[in-house]
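Below are the chains, spelled out letter by letter.
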Amino acid sequence: MSALFKSLSVFLASSVGKKILVALTGAALVVFVLGHLIGNLLIFAGADAINEYGHFLQTAGHGALVWVARIGLLTCVLIHIVLTIKLTKENRAAREDRYGYSHTIQATKSSRFMIFSGLIVLAFIVYHLLHFTLHIGNNYSTLTTSIHGETVHDVYRMVIQGFSWWPASAFYIFAILMLCSHLSHGVSSMFQTLGLATPRTWPLLQKISIIYAAIIFIGNSSIPLAVLLGFVK
Amino acid sequence: MSHSLNLQLKVWRQSSTNAKGHFQDIVAKDIPETASFLEMLDIVNQRIITEGSDPIAFDHDCREGICGACSMVINGKPHGPEKATTACQLHMRKFKDGDTIWIEPFRAKAFPVIKDLAVDRSAFDRIMQAGGFISVRTGSVQDANNLPISKEAADSAMDAAECIGCGACVASCKNASAMLFVSAKAGQLNSLPQGQPEKHRRVLGMVKTMDEAGFGNCTNQFECEAACPKEISVRWITKLNRDYALATLHDAVTAPLSTGGGGD
């Protein structure tokens, strides 16, 4: 048991081990982001569709499933952030004196601003949870509607009211742009760190990474835009 | 008749490891374009010596691109602007008359400056001592074809073995990470039959020593691959990541338990 514990603590202290954990937690969040998007796009299928979906999430497994998901996601987010901040600090310490003539050969802009795009997404997550989950500073929790004779939370009207205030929509779209930048490097990077990329698969993984990031951006920004432009009301 | 160049050099001067460094402006007149970059520095140094000043210290050895001693960053790129070329193999015909050239040492906490452009790369030696070898019976040569290996696998290992250990990967990495060097050295042995018995302890030992030396972490930006004078591929980093996970699993779960010797 002590040998097992020792090997794992060596792994967690190593650069490669920390990166593998960042990749694994990132993978979980990548999957979540797509699921979250698909669910949200139900808004275009009408009020009943998204309200029923919201009610399903709230009540699945007698309301336990949503908490399992929340705790799991929160753990992933925490591990991802704590380790990346630690890794970034180590990276800064590894080169104290900067070059007089700074030059970048092929590193993408997205890859160079991962910590910034990541921290902006973090700020967005906090705002997003206060806005639509905890309903701080608004009365969205009082919005109700009825489906099949049951009174449920009116997600549809909450989204429309939330995005009708343009500064909120603007911040959402900006944060999604940052997420898109983060994913365009992160998705393919994840495969490289987990040792799953090969010279045969790498060009494909890079394309998937960019297409995935684009889908997340277009899908998510379409909702506040649709509300602001009056397509969804 | 070859042309000659007049250049403006901005050279990093640092008298010792802990001294504060600065860029010195040096005018390099009448440099033949047939000279190599190091020969250009030789000419400049000869003039500095004639003036009675301190010449620019820089590392060099074979001057034919195979020893890995050159350690200078030229206009922000380790070994200069030419792809797959060491500084000693870079020629002045690649520059234009009147160019300003910035020359600085490889910058990394794990590579402290000794003087001017010379840096201490003994961290790489420590990494090699931690696993960059195989333990073999020495003596007479064994029979040919005793260790079957495919041509493709042998060629692939040779690609990694091309690494000359110059440290350009560290110098170009935004995080001063040594992953390309370590992965090439470990990967070369890990993909050959002779490297198998010590594979797991090699990977764990080399990564541990790399971390202790104060190199940064790889962020998959692949500046290393682009700067490498031997064009070592980042696929070796992928392999090291994979081998590290497997070595941890082996060490934590499947490795034979040590009974301290002496049998049952």
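Residues numbered from 1 in each chain as written. Chains lettered and ligands numbered in written order. Predicted model: local features only at pLDDT ≥ 70, side-chain atom pairs only at ≥ 80, totals over all residues. Heavy atoms only, no water.

J.: Which parts of the structure should I look at to understand the interface of chain B and chain A?
T.: Where interface size is quoted, it is often the accessible area lost as the parts come together. Counting residues at the interface gives 48 residues for chain B, matched by 38 residues for chain A. In total, about 3,600 Å² of surface goes out of reach between chain B and chain A, with carbon and sulfur atoms giving 54% of it. The interface formed by chain B and chain A includes 0 salt bridges. At the surface where chain B touches chain A, the tally comes to 31 residue pairs in polar contact (both at pLDDT 80 or more). Contributions of two or more residues to the side of chain B that touches chain A are made by strand 5 (100-105), helix 4 (168-172), helix 6 (199-212), helix 7 (223-227) and helix 8 (235-254) of chain B. Of the residues that constitute the side of chain B that touches chain A, the class distribution is 24 nonpolar, 13 polar and 11 charged. (Contact = heavy atoms within 4.5 Å. Buried area = accessible area lost by both parts, 1.4 Å probe. Salt bridge = Lys/Arg side-chain N within 4 Å of Asp/Glu carboxyl O. Polar contact = N/O pair within 3.5 Å; in protein donor to acceptor, adjacent residues only side chain to side chain. Helix = DSSP H or I, 4+ residues; strand = E, 2+ residues; numbered from the N terminus. Nonpolar A, V, L, I, M, F, W, Y, C, P; charged D, E, K, R; others polar.)

J.: What's the story with the pairing of strand 5 of chain B in this structure? I'm lost.
T.: It is a general feature of regular strands that their side chains alternate between the two faces of the sheet. Residues and elements named next belong to chain B. Judged from the 4 bridges that link them, strand 1 (residues 4-13) and strand 5 form a sheet pairing that is parallel. Within strand 5, the position partnered with Lys10 by the bridge is Trp102. Relative to strand 5, strand 3 (residues 72-74) runs antiparallel, the two sharing 3 bridges. In the sheet register, Met72 faces strand 5, and the bridge partner there is Pro105. (Pairing = 2+ DSSP bridges.)

J.: Just checking my understanding: could you explain the domain arrangement of chain B for this structure?
T.: Residues and elements named next belong to chain B. Per the domain assignment, the segments making up chain B are domain 1 (4-115) and domain 2 (121-254). Centre-to-centre separation of domain 1 and domain 2, based on C-alpha positions: 29 Å. Across the boundary between the two partners, domain 1 contributes 21 residues, which contact 20 residues of domain 2. Of the roughly 1,500 Å² buried between domain 1 and domain 2 on both sides combined, carbon and sulfur atoms contribute 64%. Area buried by domain 1 at its contact with domain 2 is led by Pro78, Ala110 and Phe111, which between them contribute 34% of it. The interface formed by domain 1 and domain 2 holds 2 salt bridges in total. In this structure, Lys83 and Glu231 form a salt bridge, with 3.5 Å as the shortest nitrogen-oxygen distance. Along the contact surface separating domain 1 from domain 2 lie 5 residue pairs in polar contact (both at pLDDT 80 or more). Within the side of domain 1 that touches domain 2, the residues separate by chemical class into 11 nonpolar, 6 polar and 4 charged. (Domains from an automatic or database assignment.)

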